[in-house]
Protein chains: 2
Amino acid sequence: MRYTLPEDRIPTAWFNALPRLQEPLMPPLHPGTREPVGPDDLAPLFPMALIGQEMSGDPWIDIPGEVLEILRLWRPTPLVRAERLEKFLGTPARIYFKDESVSPAGSHKTNTAVAQAFYNQAEGITRISTETGAGQWGTALAFACRQFDLECKVYMVRSSYDQKPYRKIMMETWGASVVPSPVADPSSPGSLGMAISDAVADAVQRADTHYSLGSVLNHVLLHQTVIGLEAKEQLVLAGETLPDVVIAPCGGGSNLGGIALPFMQDATVRLVAVEPMSCPTLTEGSFEYDFGDTAGMTPLLPMYSLGHDFMPPEIHAGGLRYHGDSPIISNLVKTGRMEAVAYPQGKTFEAAMMFANTEGKLPAPETGHAIRAAIDEALAAKETGEEKVILFDYSGHGFLDLSAYDDFMHGRLLDA
Amino acid sequence: MRYTLPEDRIPTAWFNALPRLQEPLMPPLHPGTREPVGPDDLAPLFPMALIGQEMSGDPWIDIPGEVLEILRLWRPTPLVRAERLEKFLGTPARIYFKDESVSPAGSHKTNTAVAQAFYNQAEGITRISTETGAGQWGTALAFACRQFDLECKVYMVRSSYDQKPYRKIMMETWGASVVPSPVADPSSPGSLGMAISDAVADAVQRADTHYSLGSVLNHVLLHQTVIGLEAKEQLVLAGETLPDVVIAPCGGGSNLGGIALPFMQDATVRLVAVEPMSCPTLTEGSFEYDFGDTAGMTPLLPMYSLGHDFMPPEIHAGGLRYHGDSPIISNLVKTGRMEAVAYPQGKTFEAAMMFANTEGKLPAPETGHAIRAAIDEALAAKETGEEKVILFDYSGHGFLDLSAYDDFMHGRLLDA
């Protein structure tokens, strides 16, 4: 059963978590002076509107009409009750997923890409540089830049660049220029941290260029809150009050923040981050100030981190391989408001296949992590007989990740 | 603007074109005797329920509840007004598309796959053989067979098998077994006609196995009429009465039949088939009795054909490379009720890119043909100032066809 909202029920303001945190967020620090950064420090990289959102104390921030006009191409996204999966599991739980895979780029990433492209264009920027790991963020930004006539330069983690030619083609279809990273070392498979260094270096060198990040930062999570705001309204349509648990995969934290933050003040709702055991930032990292990139060019952020020189093993869930995590998500985990679990990759593909075979949708490997946790919650509810209401974010489709499914089916997957 | 129907407005009966044709359909002939075939001749290949539908004179045929239960995973599909494309073209025309890309397999093919799997299982069949060209049909049948616990064996045209590994993996994810065709000649790139021969030979050899075809036959077009029936209702939601023109790509004719047949008795509505110039069945073929396959094992069908030994050039719009065409579609073209146009491939990719850049959806190359024709209709309306209402079938997404986009962008596409 799908629950759709009419187009005029698309949220018109973003939900800002900052003024609602139990403990205020610690400020980002300048990489050189280690003093708190101010708006001017960030101005070479971001438009002032986004810098303002990064630090805003306003509980709600209006979504510009120009952004809404494009979001309406696919929003509001459906909320779906996974009844065939429930039956297959024999669970009394009711499982809902918010389907962000219907966006142009095939994932939630497009929500913030459009907003970021808009604010940059509004402040006279004509070119944006960024990095991409698995490729979902680069695709989303390429689409968004095309809508606002901006040039888009994407530094793609080299191992992804080599393994995922389709992602590159998709970015090029929307007019982006894509190069493998690290640019300076063609023998390195690269990492997201290295690609961030490349993209930041590009932006600081050119006056016409800003940098854009697809996760981690406060304004990115802010833009993603349309997911949870819609889901909350759609659950009411479905006859529910609140979910018992909200689940999402977590790499940098943007889709998790998007679906979970609008529930942060609902005390009965458990919030669960799901990460891969091969990159266990929240479950095994330490909370500290660390750089967002490998080269140490970005401000220091207060977050759970595995160290900015962490090199994750080459696994397929490329979008979840970041060494750090969103400061907001880190804050919620540190204060106990949010839980975090880690799964080995084999378990997540098993869950993704179960979902594809019952619900007919082929998930991105990242999304498979949320499905695994949702299934385990549903199986626990079967043991206890509890009619638990489970909501998870279906963050993206897996049509461009089929080689990973092939590896899983043929036992070639690193089960880390 | 998207127009969605609630789930309880999914059609509960299929629209049967057979009793509504101006000239009755000529019967299929036995490949040996050249006498009209009866139900018993077809029994080794198809369940009796489908044979009955193939020849039925009933104007409406009920959709079984078991089929509806699965169709509801993605139906009713959205009708979308392509306002950003309209603006880009500066046309007074209103362009609507019916989005069949949202199905599990990513195209309209799933509509009939589910029905065929159901009727086969209901009559005790445990295994189905089929062929696939571009891979969309094989993917759809693999999904459907998994829903009814049927084994699925897919003979995939060898050139596609080699060029589209992702399609094969997707079929395997749903449990199908996929082999390249022709089985007997590994040096041949294959053709849809050859793969049909392989699949039919498989089915006649085994009592537990039936054959399944994804296009051409009457019952296949019948199952696809949910597309047009929903679209008709959604156009009313959008404030329209009837469209001026209904457009779809045409290979074997199933998505075209699906969207166009429910409008066949609305005399003011033009119906337009769009095919590639490299396989111009309707525009340059001759109307005759011909075999559906290369080896001459299938009944002879009254249809436009390029000859059952026609070998299309290797182009990317794999789904439109069939030598023949649906008898119903052929009948409509022959009697003048339906028009047919052919486009060179470059023009269709140009249109597909224009669509991706304005509407944000990346179409299958087959779908690009309909988009090309819709754009040309809209540009003609711009010349005349006519507020034409254009409806086309967005038959599938292009996420598994990105190498063709790459070839187009880099000038490597055979523009035939």
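Values in this document were obtained by computation on a predicted structure and should not be read as measured data.

S.K.: Help me understand unusual backbone geometry in this model?
M.R.: Residues and elements named next belong to chain A. Residue Pro76 follows Arg75 across a cis peptide bond; omega there is -10 degrees. Structurally, Pro76 can be placed in the loop between α3 (65-71) and β4 (79-81). The omega angle of the peptide bond from Ser181 to Pro182 is 5 degrees, so this bond is cis rather than trans. Phi angles above zero are rare outside glycine, and Arg34 is one such case at about 60 degrees. Within the secondary structure, Arg34 is located in the loop between β2 (13-15) and α1 (39-42).

S.K.: Where do I start with the environment of Gly57(B) in this structure?
M.R.: Residues and elements named next belong to chain B. Within the secondary structure layout, Gly57 lies in the loop between α2 (48-55) and β3 (60-62). C-alpha separation for the pair Gly57 and Pro44, spaced 13 residues apart in sequence, amounts to 23 Å. In contact with Gly57, not counting residues within four places along its chain, are Asn16 and Pro19.

S.K.: Even after reading the chapter, I still don't get the packing of α2(B) against helix α5 (residues 110-122) of chain B, so can you show me in this structure?
M.R.: Relative orientation and spacing of two packed helices are given, respectively, by the angle between their axes and the distance between those axes. All names here are of chain B. Interaxial distance between α2 and α5 falls to 8 Å at its minimum, and their mutual angle equals 130 degrees. By the angle class used here, α2 and α5 are oblique. Of the residues in α5, those touching α2 at Ala49, Leu50 and Gln53 are Gln116, Tyr119 and Asn120. Broken down by class, the residue content of the contact of α2 with α5 amounts to three nonpolar, three polar and no charged.

S.K.: Looking at this model, I keep getting lost on the relation of the copies chain B and chain A. Mind explaining?
M.R.: The pair of chain copies shares a relation made of a rotation about an axis and a shift along it. Between chain B and chain A, the superposition needs a rotation of 180 degrees and an axial shift of 0.0 Å, giving an RMSD of 0.0 Å. Seen this way, the second copy is the image of the first under a two-fold rotation axis. Closest approach to the rotation axis within chain B is made by the C-alpha atom of Phe399(B), at a distance of 3.2 Å. Most of the interface of chain B is mirrored in chain A, where 100% of its interface residues are also at the interface.

S.K.: Would you explain the state of the cysteines in this entry?
M.R.: Linking two cysteines covalently through their sulfur atoms gives a disulfide. Residues and elements named next belong to chain A. Under the criterion given, the structure shown has zero disulfides over all chains. Cys152 supplies the cysteine sulfur nearest to Cys145, a cysteine that is in no disulfide, at a spacing of 4.0 Å. Among the residues examined, Cys145 registers a relative accessible area of 1% and is labelled buried. There is no disulfide at Cys250, and the cysteine sulfur nearest it, in Cys279, is 9.7 Å away. Residue Cys250 is classed as buried on the basis of its relative accessible area of 2%.

S.K.: Could you clarify how one ought to interpret the interface of chain B and chain A in this entry?
M.R.: Often, the extent of an interface is quoted as the loss of accessible area on bringing the components together. The partner chain A presents 40 residues to the 40 residues of chain B that form the contact. Between chain B and chain A lies a buried interface of about 3700 Å² when both sides are counted; carbon and sulfur atoms form 53% of it. It is Arg2(B), Arg84(B) and Tyr166(B) in chain B that bury the most area against chain A; as a group they hold 18% of the surface buried on that side. For Arg84(B), the salt bridge is made with Glu69(A), and the minimal N-O distance between the two is 3.2 Å. Here chain B and chain A share 18 residue pairs in polar contact (both at pLDDT 80 or more) between them. Looking at the side of chain B that touches chain A, the elements that each hand over two or more residues are α3 (65-71), α4 (83-89), α6 (136-147), α8 (165-173), α15 (345-359) and α17 (402-409) of chain B. Grouping the amino acids of the side of chain B that touches chain A by side-chain chemistry returns 19 nonpolar, nine polar and 12 charged.

Rules of the game
Residues numbered from 1 in each chain as written. Chains lettered and ligands numbered in written order. Predicted model: local features only at pLDDT ≥ 70, side-chain atom pairs only at ≥ 80, totals over all residues. Heavy atoms only, no water. Helix = DSSP H or I, 4+ residues; strand = E, 2+ residues; numbered from the N terminus. Contact = heavy atoms within 4.5 Å. Axes fitted to C-alpha atoms, helices over the stretch in contact; angles between N-to-C directions. Parallel < 35°, antiparallel > 145°, perpendicular 65-115°, else oblique. Nonpolar A, V, L, I, M, F, W, Y, C, P; charged D, E, K, R; others polar. Least-squares fit on C-alpha atoms with pLDDT ≥ 70 in both. Disulfide = S-S within 2.5 Å. Buried < 20%, exposed > 50% of the residue type's maximum accessible area, 1.4 Å probe, protein only. Buried area = accessible area lost by both parts, 1.4 Å probe. Salt bridge = Lys/Arg side-chain N within 4 Å of Asp/Glu carboxyl O. Polar contact = N/O pair within 3.5 Å; in protein donor to acceptor, adjacent residues only side chain to side chain.

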